[in-house]
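So you can see what is in the structure, the chains are spelled out below.
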Amino acid sequence: MLLRTNKLAIGYKKTAVQSGLNLQLDEGELVCLIGANGCGKSTLLRTLAGLQKQLGGEILYGDRRLELLNANERALILSFVLAESIEVDQLSVFDLVFTGRYPHTGWLGNKSNLDIEKTEHAIAMVQLSHKKNCFINELSDGEKQRAMIAKALAQDTPFVILDEPTAHLDLPNRAAIILLLRKLAKETNKAFLLSTHDLDLAIQSADTIWLMVENGIKTGQASNAVLLENIQKAFSSDDISIDPKTGACKLTR
Amino acid sequence: MLKQKKIYNRTPLLFAALSFLCIFFFILDILFGSVSIPLTELTQALWGKNTNSTFYEIIINFRIPKALTAMLAGASLAVAGLLMQTLFRNPLAGPDVLGVSAGAGLGVALFVMAGSLLPLSISGNGWGLVASAITGGIGILLIMLAVSFKIRNSISLLIIGIMFGSMAGALISVIQNYSNPDALKLFVVWTMGSLSAVSWAYMQILAPLVLLGLLLALLIQKQLNGLLLGEHYARGLGISITQIRILIIIATGLLAGAVTAFTGPIAFIGVAVPHLARGLFRSSNHQLIIPASILCGAILLLICDIITQISIYTIPINAISALFGAPLIIWIIIKKK
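Residues numbered from 1 in each chain as written. Chains lettered and ligands numbered in written order. Predicted model: local features only at pLDDT ≥ 70, side-chain atom pairs only at ≥ 80, totals over all residues. Heavy atoms only, no water.

> Give me the overall build of chain A: which residues, what numbers.
Scanning chain A from terminus to terminus reveals 8 helices and 13 strands. Against the compact-globule benchmark of 18 Å for 253 residues, chain A has a radius of gyration of 18 Å, which places it among compact chains. The C-alpha extent of chain A, read off along each of the three principal axes, is 55 × 40 × 30 Å. The 253 residues of chain A split such that 53% are buried. A fraction of 66% describes how many contacts in chain A between residues 6 or more apart in sequence connect residues 24 or more apart. Accessible area for chain A stands at about 11500 Å²; split by element, carbon and sulfur atoms hold 49% of it. Charged side chains in chain A number 28 positive and 30 negative. The centres of these two groups are separated by 3 Å. (Helix = DSSP H or I, 4+ residues; strand = E, 2+ residues; numbered from the N terminus. Rg over C-alpha atoms; globule rule 2.2 N^0.38 Å. Buried < 20%, exposed > 50% of the residue type's maximum accessible area, 1.4 Å probe, protein only. Contact = heavy atoms within 4.5 Å. Areas by Shrake-Rupley, 256 points an atom, 1.4 Å probe, with all protein chains shown as cover. Lys, Arg positive; Asp, Glu negative; His and termini not counted. Charge placed at Lys NZ, Arg CZ, Asp CG, Glu CD.)

Structure representation (structure tokens):
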């Protein structure tokens, strides 16, 4: 299945943040969305996830328009991990990840063997099996993020959208999360779209980079020299310089 | 592995223990009172053997309806509190804190006292009392719901709920000022909360409403679990937020409204019991916590009712439930820090 947008305009109320976006996301692909604060990354992800209405244009999952899908159909096509963290007491990792199975279960949400198996498998894929009965508020930030990813995996959708999954994490955990997503994209053949501020990690791991600038999105493979130059232009300032090859930043004194 | 074993073995055992306690206190509640009843009389009465004694009269027409009311009221207030806590994602939410009880009180006040000014004598009508309490309770909930679409912050929402509760309280005072003494007395007695006001005739109204509300709550447990993760995630799981909000409000209105109508406002059970249930079962899964809240709520209110009987003069149930519930909530908050 393919996600395509056609002259998509996004924003709040009547103010468009971005318009004329023609994007494409394919199965098994890891796409990193990068861009400065406030340029509309979250707005784009929320719009693609169906959490807010687009101002114009269309979003197509396969050949079906997003706004014509009902809530449950949508939940079978895409899952997401939001930037806001969840605060629930006494909720075990297993129970959290199992909620991902809800679109597949009946009205009462009773567990079938298949659902339990898929939940366990999703937990195993993010290497949290040893903590499946721990409460989520006992987990570290990195583990919590992995549990949320497992929930999205359990939902078993062709598209997974993640809003800044590496924020609030230390460097080893950031790298671990991005590498995990990369591995999952290849193993599960799902499409992963994530926004991040970690330029270097994005450039080194993504199949495709979506660079959001003030008036549109420039897309290309991470090895594309023109794109890298654009990234350098977008993020360099008086204080920092960006190495165009790796995305590493250096303070200019 | 050890932890896993502990959790899964605990659940059926806990349910068995709670069920036993519920039956135990049900019987105890029937036996205790201003007149102590011998156990043999109770067993005979329960076997349907009419001994024609005074005991039989007391058991069948007074003690059993009262104990049943305690169970129904405890269970439904607990579940109503749980629904409110999940809807507002706030551990301190409950039917009384968010103004449902105050709204029901206002409805009853309007009905009993303002109604007494009308030439028609409708105040003694059970259906009218229930309808006015439910209408008042749901009215406040609808206002809160409308506000909750505007205001995302649950603490602000809670404060607004308390403000609406105060406003309803103030309106009640105004109405009290203008009502006749008989109606005023009827209302004041109602506010003290009493489980013994429910006769078998009223039970035929109360029980179906409560059971309907409980059934509704049990049917939406999957959506409730989704709501725990917040609205966005719930929508991402294919749950319709508007639909589930409306269902929660109907269920809460039925449960808290019906019970409050008959027993008067009973404080703190709704806030405290869900925490007790979650703590006991170490889970937030509504599949477990709804039945657990039903049992814990029933047990707690039976215990409260037994305590009200200890003194010669019956203490209002509302006072006992507050004495029990308030420290429980304080303890929960301190433990969390």
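> If you had to explain the overall build of chain B to someone new, which residues and values would you point to?
Per the secondary structure count, chain B includes 14 helices and 0 strands. The order of α-helices and β-strands along chain B, N terminus first, is α-α-α-α-α-α-α-α-α-α-α-α-α-α. Taken over the C-alpha trace, chain B has a radius of gyration of 20 Å; the compact-globule value for 337 residues is 20 Å, and the two agree within 12%. With respect to the principal axes defined by its C-alpha atoms, chain B has extents near 60 × 55 × 35 Å. Of the contacts formed within chain B by residues at least 6 apart in sequence, a portion of 76% connects residues at least 24 apart. Accessible surface computed for chain B: about 14900 Å², of which carbon and sulfur atoms make up 72%. Across chain B, the centroid of the 19 positively charged side chains sits 22 Å from that of the 7 negatively charged ones.

> Which residues make up the packing of aromatic side chains, and what are the values?
For any pair of aromatic rings, geometry is given as the distance between the ring centres together with the angle between the planes. On inspection of all chains with the given rule, the structure shows 8 aromatic pairs over all chains. With centroids separated by 6.0 Å and ring planes inclined at 85 degrees, the aromatic side chains of A:Phe98 and A:Tyr102 adopt a geometry described as edge-to-face. Grouping residues by exposure puts A:Phe98 and A:Tyr102 together as buried. Where B:Phe24 meets B:Phe25, the ring centres are 5.3 Å apart and the plane angle is 75 degrees; that geometry is what we call edge-to-face. Residue B:Phe25 is classed as buried on the basis of its relative accessible area of 16%. In this structure, A:Lys111 is placed above the aromatic ring of A:Phe98, and the distance from its NZ or CZ to the ring centre is 4.8 Å. (Phe/Tyr/Trp six-rings, centres within 6.5 Å; stacked < 30°, edge-to-face > 60°. Lys NZ or Arg CZ within 6 Å of the ring centre and 35° of its normal.)

> Can you break down the interface of chain A and chain B residue by residue, with the values?
Taken residue by residue, the interface counts 36 residues in chain A and 28 residues in chain B. Taking both partners together, chain A and chain B bury about 2800 Å²; carbon and sulfur atoms supply 54% of that area. By the criterion of area lost to chain B, the three top residues of chain A are A:Tyr102, A:Trp107 and A:Asn133, representing 24% of everything that side buries. Seen at the junction of chain A and chain B, the total is 0 salt bridges. Across the chain A-chain B interface, the total number found is 9 residue pairs in polar contact (both at pLDDT 80 or more). At the level of elements, helix 2 (71-77), strand 7 (78-81), helix 3 (93-99) and helix 5 (141-155) of chain A are the ones that each hand at least two residues to the side of chain A that touches chain B. For the side of chain A that touches chain B, the class distribution of residues is 17 nonpolar, 11 polar and 8 charged. (Buried area = accessible area lost by both parts, 1.4 Å probe. Salt bridge = Lys/Arg side-chain N within 4 Å of Asp/Glu carboxyl O. Polar contact = N/O pair within 3.5 Å; in protein donor to acceptor, adjacent residues only side chain to side chain. Nonpolar A, V, L, I, M, F, W, Y, C, P; charged D, E, K, R; others polar.)

> How would you sum up the nonpolar core? Please name residues and give values.
If you look at the biggest cluster of nonpolar residues, it comprises 190 residues, and the most contacted ones within it are A:Leu44, A:Leu48, A:Tyr61, A:Ile209, A:Trp210 and A:Ile231. Excluding anything up to four places from it in sequence, A:Leu48 contacts A:Leu3, A:Thr5, A:Leu8, A:Ile59, A:Tyr61, A:Leu66, A:Leu78, A:Ile161, A:Leu193 and A:Trp210. (Core = buried A, V, L, I, M, F, W, Y, C linked by side-chain atoms within 4.5 Å.)

> Kindly report on a nonpolar patch on the surface, identifying the contributing residues and their values.
Among the surface-exposed residues, A:Trp107, A:Leu108, B:Leu215 and B:Leu219 lie close enough to one another that they form a single nonpolar patch of about 360 Å² accessible area. In this structure, B:Leu215 sits in helix 8 (residues 200-219). (Patch = residues over 30% accessible without salt bridge, like charges linked within 9 Å, V, L, I, M, F, W, Y side chains within 5 Å.)

> Can you lay out unusual backbone geometry for me, pointing to particular residues and giving the numbers?
Look at A:Gln127: it is not a glycine, yet its phi comes out positive at around 55 degrees. Within the fold, A:Gln127 resides in the loop between helix 4 (113-125) and helix 5. A positive phi angle, near 45 degrees, is found at B:Arg282, a position not held by glycine. Overall, the relative accessible area of 24% leaves B:Arg282 in the partly exposed class.

> So what's going on with the sheet that holds strand 8 (residues 159-163) of chain A? Residues and values would help.
Residue and element names in this part refer to chain A. Strand order across the open sheet formed by 6 strands is 7-8-9-4-10-11, with mixed pairing between neighbours. Edge positions in the sheet fall to strand 7 and strand 11 (216-221), since each of these pairs with one other strand and no more. The average undirected angle you get between the axes of adjacent strands in this sheet is 20 degrees. Relative to strand 9 (residues 191-195), strand 4 (residues 30-35) runs parallel, the two being bridged by 4 bridges. Across the sheet, the residue bridging to valine 31 is leucine 193, located in strand 9. Seen against the sheet, helix 5 touches strand 7, strand 8 and strand 9 and runs at an angle of roughly 175 degrees to strand 7. (Pairing = 2+ DSSP bridges. Axes fitted to C-alpha atoms, helices over the stretch in contact; angles between N-to-C directions.)

> Explain the pattern of salt bridges to me, using residue names and the numbers behind them.
Residue and element names in this part refer to chain A. Enumeration over the complete set of coordinates arrives at 13 salt bridges over all chains. Its salt-bridge partner being arginine 64, residue glutamate 73 comes within 3.3 Å of it at the nearest N-O pair. A salt bridge links arginine 101 to aspartate 115; its shortest N-O distance comes to 3.0 Å. Separated by 14 residues along the polypeptide, arginine 101 in the loop between helix 3 and helix 4 and aspartate 115 in helix 4 bring together distant segments of the chain. Residue aspartate 115 is classed as buried on the basis of its relative accessible area of 5%. Look at the salt bridges and you will find they share partners, linking Glu58, Arg65 and Glu67 into a network.

> Which residues make up the pairing of strand 8 of chain A, and what values do they have?
Residue and element names in this part refer to chain A. Burial analysis of strand 8 places 5 of its 5 residues in the buried class, which makes it a mostly covered element. Residue alternation in strand 8 divides its side chains into two sets, Phe159, Ile161 and Asp163 and Val160 and Leu162, and both sets are buried. Here strand 7 runs beside strand 8; their pairing, made up of 4 bridges, is parallel. Along strand 8, the bridge assignment pairs serine 79 with valine 160. As paired strands, strand 8 and strand 9 are joined by 5 bridges and run parallel to one another. Within strand 9, the residue paired with valine 160 across the bridge is phenylalanine 192. Taking the sense of rotation as the criterion, the β-α-β connection linking strand 8, helix 6 (residues 171-188) and strand 9 turns out right-handed. (Right-handed = clockwise from strand over helix to strand, strands pointing away.)

> Before we move on, could you go through helix 5 of chain A and cite the residues and values that matter?
Residues and elements named next belong to chain A. For helix 5, spanning 15 residues, the distance from its first C-alpha to its last is 21 Å, which sits close to the expected 21 Å at 1.5 Å a residue. Taking burial as the measure, the 15 residues of helix 5 include 14 buried ones, the bulk of the element. Just beyond helix 5, the residue with positive phi is aspartate 156, at close to 55 degrees. (Expected span 1.5 Å × (residues − 1).)

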